[in-house]
Every structure is written in C-alpha cells, then in structure tokens.
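Chain by chain, the residues:
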Amino acid sequence: VAADRFNRKRVIIVCDLFIAAVALGMGTCIALGHVSLELILVLVCACGVGQAFRTPAFNSAMPLMVPEKHLLRINTLDQLLASVASIGAPAFGIFLYTTLGFSSVMFLDFAGACVAVLGLALAKIPTVVDATAKEQHVLANLRDGWRAIAKTRGLVLLIGGVTIGMMIFGPLSAVFPLMTYQHFGGDGYAASLAEAAFGVGMLVGSGILIAWGGGKRLAGLIAVAAVIVGVATAVCGFLPPDAFPAFIGLVAVMAVACAWFNGPTMTLTQRNVPDDKMGRAMGLLTAAMGLATPVGIAIGGVLAEAMGVAPFFIIDGLACLALGLALYLPKSVRALDAG
C-alpha cells in the first residue's frame with residue numbers, strides 16, 4: 001500500500017535508512033558486550049519488515065524505468081544479482097566476522113546502507129502515486145490491488161500456479177542435505193557440493209534468460225520450467241546410492257529451470273497491472289511467494305520423514321511435473337502470451 005500512496009523512491013530510501021539504523025544499534029550493543037540470540041532475532045525481524053516495504057516499491061518502480069522489451073532481462077538481472085549475493089555474502093560475512101569481529105560487520109552493514117541511500121538520492125526514479133489510495137482505508141487499498149490483478153484471470157491462475165510450485169519445490173532446499181547424507185552416504189563436503197551446484201545452476205539459468213530474453217511466451221516458459229524441475233527431481237529419487245555425480249548434474253539442471261520462474265512471473269504482472277496499482281500488486285505477489293516456501297517446508301518435512309527422502313523426491317517431482325503440464329492448459333493463461 002505504501003508503494004502506491006507515497007513516492008516510491010522515498011519509500012526505498014526510508015527502508016534502507018531504517019535497516020541501517022537497526023544495524024548501527026545492534027553493532028553498538030555488541031561492541032558494549034550485550035549480545036544474545038534474542039537480539040539477533042530482533043535484527044532479522046526488523047530487516048524483514050524493512051524489506052517487506054522496500055521490495056514492492058522497488059519492483060513497482062522497475063516498469064517506469066525500463067522499456068517493456070527489456071523488462072524481463074532487467075528483472076532477471078535483479079534476480080541474478082540476488083543469487084550472487086546469496087552465495088557470496090555468507091562467505092564474505094564469515095570472513096569479516098572472524099577477522100574484524102561481529103560488531104565491525106554490523107558497522108560495515110550500516111556504512112553499506114548509507115552508500116546505497118546516497119546512490120538512490122542521486123538517481124532519478126519515476127513514481128506514480130494513486131491519489132484515491134490516500135483517501136481509502138488500508139484494507140480497501142489492498143482490495144483494489146487484488147482487483148487490479150484479478151481483472152486478468154490468466155494472471156491470477158499463473159500466480160496461483162507459481163505459488164503452488166514454490167510450495168512443492170520449497171521442501172527440497174531443506175531435504176537436499178538429507179538426500180546427500182542418507183541416500184548417497186555423503187559427508188559435509190558432498191552436501192556443500194550439491195548446494196554449490198544449485199547456486200551455479202541458478203546463475204547459468206539467469207544468464208541464459210538475460211541473453212535470450214525469454215521469447216514471447218513467458219507463461220509457457222514458466223510451465224516448461226516446472227516440467228523440467230519435476231522430471232529432474234523425480235529422476236533424483238530413482239538414482240542408486242552410487243550415482244552421486246548424476247545427482248549433482250540433475251541438481252544443476254533443476255536450478256537452471258528454477259531461474260525461469262520469478263523473472264517471467266514478475267514481468268507478466270508488471271505488464272498487466274496499472275502503474276498506480278503496481279505497489280499493491282507487487283506486495284501481494286511478494287507475500288504469496290514469501291509464504292509459499294515455509295508452508296511447503298512444513299508440509300514437505302513431515303512427508304519426507306514419513307516416506308523417506310528418495311521416495312519424497314519422486315512424489316515431489318511428479319507433483320511439480322503435473323503442475324507444469326496443467327499450468328498452460330487454461331485459455332486465459334495462454335492469452336497472457338498472446339497479449
């Protein structure tokens with residue numbers, strides 16, 4: 001709602017300043033000797049709140065700055081940079097933690113956020129403010145955002161399908177190490193190799209999409225990606241215990257296809273929702289995707305425990321395959337590509 005009520009550039013800056021202030025406060029507390037798990041949990045939650053406001057404002061500003069023909073490439077580039085950060089940041093953070101200390105890491109986080117704010121302050125970011133949103137209650141604002149999405153039936157079905165897909169695939173991130181340990185008899189090195197293969201696959205998949213541009217059938221691409229992920233996941237469950245190298249290869253293939261979900265979904269939403277409702281649409285999309293993974297992990301963890309890790313890969317893969325085959329069947333979903 002905030003992304004449609006207020007200047008989007010200012011929303012992003014305020015969020016970054018808030019996160020910077022939290023990092024500065026935590027760094028000071030740690031430097032004074034007051035460190036606890038509870039303090040770290042407060043920091044993580046506070047950063048999550050900041051990101052919850054920042055992400056819709058950032059994503060809704062994107063179509064105002066980028067020509068439509070390059071929108072998918074830029075969305076995918078954003079995803080690529082996030083993947084690089086998710087791979088490199090933990091390692092860099094551990095290095096800084098061991099060499100400079102915990103409080104220094106927090107102070108560097110504060111300094112980095114200040115640099116980001118300075119860059120944003122100098123940048124020209126177009127914004128669209130919905131004048132009617134300021135006169136409405138927050139719930140009415142959310143309802144208008146949902147109506148903006150629901151106006152395009154195919155978009156609702158697609159977002160619903162992608163959300164279900166993330167629920168199906170979400171548990172695999174938690175089960176990967178168990179597959180390595182229990183089924184293949186691997187060690188910590190083997191488990192880290194599987195994680196690295198997934199990270200590299202995501203980078204390769206994003207690079208392919210940036211270079212290719214995704215073509216004209218983005219909804220079809222999402223369905224194809226689900227099919228590839230489903231087949232690769234199911235085959236992993238049939239592998240014998242001595243086929244760990246094949247597992248690594250399939251994980252990489254799986255990751256390449258996973259990179260083809262978020263960018264196309266984001267782009268199709270940006271194309272079909274008016275600019276003055278975009279912040280709420282992005283907020284609802286972010287919330288749906290954000291909730292899908294933990295819900296999927298909660299359900300999938302129970303199923304994996306009950307049936308065993310390898311059979312779970314088979315069932316999970318077949319479910320993702322069925323989703324991919326069904327996702328492009330509705331005429332309204334195919335119409336997204338025709339438009």
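Note that the coordinates shown come from a computational prediction; the quantities given were computed from them, not determined experimentally. (Residues numbered from 1 in each chain as written. Predicted model: local features only at pLDDT ≥ 70, side-chain atom pairs only at ≥ 80, totals over all residues. Heavy atoms only, no water.)

Q: Describe the side chain of Thr-180, listing the residues and the values that go with them.
A: Looking at where Thr-180 falls in the secondary structure, it is placed in helix 7 (residues 153-183). Discounting chain neighbours no more than four positions away, the residues touching Thr-180 are Gly-185, Gly-186, Asp-187, Ala-190, Ala-191, Ala-194, Phe-244 and Phe-247. (Helix = DSSP H or I, 4+ residues; strand = E, 2+ residues; numbered from the N terminus. Contact = heavy atoms within 4.5 Å.)

Q: Please give an account of a nonpolar patch on the surface that cites residues and values.
A: Taken together, Leu-291, Val-295, Ile-299, Leu-303, Met-307 and Ile-315 make up a surface patch of nonpolar side chains, about 520 Å² in accessible area. A per-element tally of the nonpolar patch places helix 12 (residues 278-307) first, with 5 residues. Note on placement: Ile-315 falls in helix 13 (residues 309-327). The class of Ile-315 is partly exposed, set by a relative accessible area of 48%. (Patch = residues over 30% accessible without salt bridge, like charges linked within 9 Å, V, L, I, M, F, W, Y side chains within 5 Å. Areas by Shrake-Rupley, 256 points an atom, 1.4 Å probe, with all protein chains shown as cover. Salt bridge = Lys/Arg side-chain N within 4 Å of Asp/Glu carboxyl O. Buried < 20%, exposed > 50% of the residue type's maximum accessible area, 1.4 Å probe, protein only.)

Q: Tell me about helix 6 (residues 138-150), and name the residues and values.
A: The first and last C-alpha atoms of helix 6 sit 18 Å apart over 13 residues, in line with the 18 Å expected at 1.5 Å per residue. Every buried residue of helix 6 is listed here: Ala-140, Asn-141, Asp-144, Gly-145, Ala-148 and Ile-149. Tucked inside the fold, the buried residues of helix 6 contact helix 1 (2-5), helix 7, helix 11 (262-272) and helix 12. (Expected span 1.5 Å × (residues − 1).)

Q: Pulling in residues and values, what's your account of the state of the cysteines?
A: On inspection of all chains with the given rule, the structure shows 0 disulfides. Left without a disulfide partner, Cys-15 is nearest to the cysteine sulfur of Cys-47, which lies 11 Å away. Owing to a relative accessible area of 7%, Cys-15 belongs among the buried residues under this scheme. With no disulfide of its own, Cys-47 lies closest to Cys-45 among cysteine sulfurs, the gap being 9.4 Å. (Disulfide = S-S within 2.5 Å.)

Q: Could you give an account of the nonpolar core, with specific residues and numbers?
A: Note on soluble globular proteins: their nonpolar side chains tend to be buried together. By size, the foremost hydrophobic cluster in this structure holds 64 residues, and its most contacted members are Leu-158, Phe-198, Val-229, Phe-247, Met-254, Leu-268 and Phe-313. Residues contacting Phe-198, with those up to four places away along its chain left out, are Phe-169, Phe-176, Val-251, Ala-255 and Cys-258. The next biggest cluster of nonpolar side chains, apart from the first, holds 10 residues, and it includes Ala-3, Cys-15, Ala-57 and Leu-120. (Core = buried A, V, L, I, M, F, W, Y, C linked by side-chain atoms within 4.5 Å.)

Q: I'd love a proper account of the packing of aromatic side chains, names of residues and values included.
A: Applying the stated criterion to the full structure yields 9 aromatic pairs. With a centroid separation of 5.6 Å and 70° between ring planes, the pair formed by Phe-184 and Phe-244 is classed as edge-to-face. Highlighted residues: Phe-184 in the loop between helix 7 and helix 8 (188-212) and Phe-244 in helix 10 (residues 244-258), separated in sequence by 60 residues. An angle of 35° between the planes, with centres 5.0 Å apart, marks the rings of Phe-184 and Phe-247 as tilted. Residue Phe-184 is found in the loop between helix 7 and helix 8, and its partner Phe-247 is found in helix 10; the two are separated by 63 residues along the sequence. Phe-247 shares its class with Phe-184; the two are buried. (Phe/Tyr/Trp six-rings, centres within 6.5 Å; stacked < 30°, edge-to-face > 60°.)

Q: Before we move on, could you go through the environment of Gly-160 and cite the residues and values that matter?
A: Secondary-structure assignment places Gly-160 in helix 7. According to the relative accessible area criterion, Gly-160 is partly exposed, its value standing at 28%. As a C-alpha pair, Gly-160 and Ala-150 span 10 residues in sequence and 11 Å in three-dimensional space.

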